Amino acid sequence: MAISLDTPNSMIAIDFKISVFIAAARHLNFTKAAQELNISQPAISKNIHELEIQTRRNLFERNGNRLMLTETGQLLLNYAQQLQGIYDQLNENLDILDGRTAGELRLGASTTISHYIIPEILADFHTQYPSIKIKTLHGNSRQVEEWLQQKEIDLGIVEGLSDNASMKYEEFLKDELVLVTRQRNPLITVGKAVKPEQLKEVGFVLREQGSGTNEVIRKALMKIGIGLHELNVKVVLASTESIKNFLLTTNCFSFLSVHAITKELKNDELQIVELNDFDIERYFFFVHPQGVIGRLPDSFRRFAMKRHTPGRTANLP
């Protein structure tokens, strides 16, 4: 039997008893839950009773005139909401595959990522899903977290981890930070590696406080007994582009992503300075508030992961 794909409102539905319970738990009032679901109040009571039989525990209790969740009810609500979120995500992603979804994807990215990593990904994503509008903001990693907390964006891509327990981080793309200076810098002997302790003897230009790159540099230097504060930082600038332009006309150094200096290396403007027994590798991370994320940010996350990992299929959360 052929399956019709022409029904615009078809969807995979969660068990109706779970929907009833979520509505009743949200309102803590069976009458209001019945009005929301457009069913009778006895139907609400019947479905809740069936769930209580299945769990072998009461889900609600009365405290005077107030209806309250029991401990079991609160536990069930937590899982029911997660389950509902997954069903919503599934149906919305199916709509995307069928070309029925439109909307706005709001992304926030660290400066390096927004300039050198995601433009091509966004172009490919737009080609595949032209009905989805894309809005991006770029700033340092701390700003991206703040935008997420303020719900100004749906998904962030940052250069480092923080200790913010309300955020979930997922590895996206491997990167390497390299020591960079201008070509023909008289402080560098061509072909000769630099010892890490010599880093204290040269001038640096770095990103501003709150930069994920700075945090990665700080942790890497700590491992070899050098504090970030021990570097002779001459200038602090707000973007990788401004750092590169500064390096072109000075004898200063900086740690930059290899993704950010491709053009300058090709044009013989900047050079990578080798360091003895010292590498700085990191990952770029997707970041979003804990819990199930919406359909558009999740679809973009999966799309980007698959694009940068050939043959890999992202696992369902």
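Data block above holds the structure.
Computed from a predicted structure; not experimentally measured. (Residues numbered from 1 in each chain as written. Predicted model: local features only at pLDDT ≥ 70, side-chain atom pairs only at ≥ 80, totals over all residues. Heavy atoms only, no water.)

Details of the overall build of the protein
From N to C terminus, the protein includes 11 helices and 11 strands. Here the protein has a C-alpha radius of gyration of 26 Å; the compact-globule value for 317 residues is 20 Å, and the former is much larger. Projected onto its principal axes, the C-alpha coordinates of the protein cover approximately 85 × 50 × 30 Å. Within the span of the protein, comprising 317 residues, buried residues form 43% of the whole. Restricting the contact set of the protein to residue pairs at least 6 apart, pairs at least 24 apart contribute 74%. Carbon together with sulfur atoms contributes 50% to the accessible area of the protein, which is approximately 18000 Å² in total. (Helix = DSSP H or I, 4+ residues; strand = E, 2+ residues; numbered from the N terminus. Rg over C-alpha atoms; globule rule 2.2 N^0.38 Å. Buried < 20%, exposed > 50% of the residue type's maximum accessible area, 1.4 Å probe, protein only. Contact = heavy atoms within 4.5 Å. Areas by Shrake-Rupley, 256 points an atom, 1.4 Å probe, with all protein chains shown as cover.)

A word on the packing of helix H6 (residues 118-128) against helix H11 (residues 295-308)
Look at H6 against H11: their axes get within 11 Å of each other, and the N-to-C directions meet at 115°. Between H6 and H11 lies a crossing of right-handed hand. Residues Glu120, Ile121, Leu122, Asp124, Phe125 and Gln128 of H6 form the contact with H11, whose participating residues are Ser299, Phe300, Phe303, Ala304, Arg307 and His308. Tallied by class, the residues present in the contact of H6 with H11 amount to 6 nonpolar, 3 polar and 3 charged. (Axes fitted to C-alpha atoms, helices over the stretch in contact; angles between N-to-C directions. Left-handed = near helix turned anticlockwise from the far one by under 90°. Nonpolar A, V, L, I, M, F, W, Y, C, P; charged D, E, K, R; others polar.)

Concerning the nonpolar core
Grouped together as the largest cluster of nonpolar side chains are 22 residues, with contacts concentrated most on Ile117, Ile157, Phe172, Phe286 and Phe300. Elements supplying a minimum of two residues to this core: strand S3 (103-110), H6, strand S5 (155-158), strand S6 (167-182), strand S11 (280-289) and H11. When residues in this core are grouped by element, the largest group, 5 residues, is from H11. Among all residues touching Ile117, those that are not within four sequence positions of it are Thr112, Phe172, Leu173, His259 and Phe284. (Core = buried A, V, L, I, M, F, W, Y, C linked by side-chain atoms within 4.5 Å.)

Let's talk about the packing of aromatic side chains
Here the structure, examined in full by the defined rule, presents 11 aromatic pairs. Look at Phe255 and Phe278: their rings are 6.4 Å apart centre to centre, the planes differ by 70°, and that puts the pair in the edge-to-face class. Of the two residues, Phe255 sits in strand S9 (residues 254-257) while Phe278 sits in the loop between strand S10 (270-273) and S11, which places them 23 residues apart along the sequence. Phe278 gets classed as buried once you look at its relative accessible area, which sits at 6%. (Phe/Tyr/Trp six-rings, centres within 6.5 Å; stacked < 30°, edge-to-face > 60°.)

As for the packing of helix H1 (residues 16-27) against helix H3 (residues 41-55)
Closest axis-to-axis distance for the H1/H3 pair is 9 Å, and the angle between their directions is 105°. On the basis of their axis angle, the class for H1 and H3 is roughly perpendicular. On H3, the residues touching Phe16, Lys17, Ile18, Val20, Phe21 and Ala24 of H1 are Ile44, Asn47, Ile48, Glu50, Leu51 and Gln54. Classifying every residue of the contact of H1 with H3 by side-chain character gives 8 nonpolar, 2 polar and 2 charged. (Parallel < 35°, antiparallel > 145°, perpendicular 65-115°, else oblique.)

A short note on a nonpolar patch on the surface
A cluster of nonpolar side chains, contributed by Ile12, Leu90 and Leu94, occupies part of the molecular surface with about 230 Å² of accessible area. Structurally, Leu90 can be placed in helix H4 (residues 71-97). (Patch = residues over 30% accessible without salt bridge, like charges linked within 9 Å, V, L, I, M, F, W, Y side chains within 5 Å. Salt bridge = Lys/Arg side-chain N within 4 Å of Asp/Glu carboxyl O.)

Concerning H3
With 15 residues, H3 extends 21 Å from end C-alpha to end C-alpha; this agrees with the ideal 21 Å at 1.5 Å per step. Taken together, the buried positions of H3 are occupied by Ile44, Asn47, Ile48, Leu51 and Glu52. Projected down its long axis, H3 carries its buried residues within an arc of 140°, all on one side. Structural note: H3 exposes Pro42, Lys46 and Ile53 on the side pointing more than 90 degrees away from its buried face. Positioned one or two residues after H3, Arg56 has a phi angle of 65°, which is positive. (Expected span 1.5 Å × (residues − 1). Arc of directions from axis to C-beta.)

Side note on the environment of Ala24
Structurally, the position occupied by Ala24 is in helix H1. A relative accessible area of 0% places Ala24 in the buried class. Along the primary structure Ala24 and Leu206 are separated by 182 residues, whereas in three dimensions their C-alpha atoms are 54 Å apart. When near neighbours in sequence (up to four residues on either side) are disregarded, Ala24 contacts Asn29, Phe30, Ala33, Ile48 and Phe60.

Considering the side chain of Glu264
Tracing the backbone through its elements, the reader meets Glu264 in helix H10 (residues 262-266). Residue contacts for Glu264: discarding those within four places in its chain leaves Lys244, Glu269 and Leu270.

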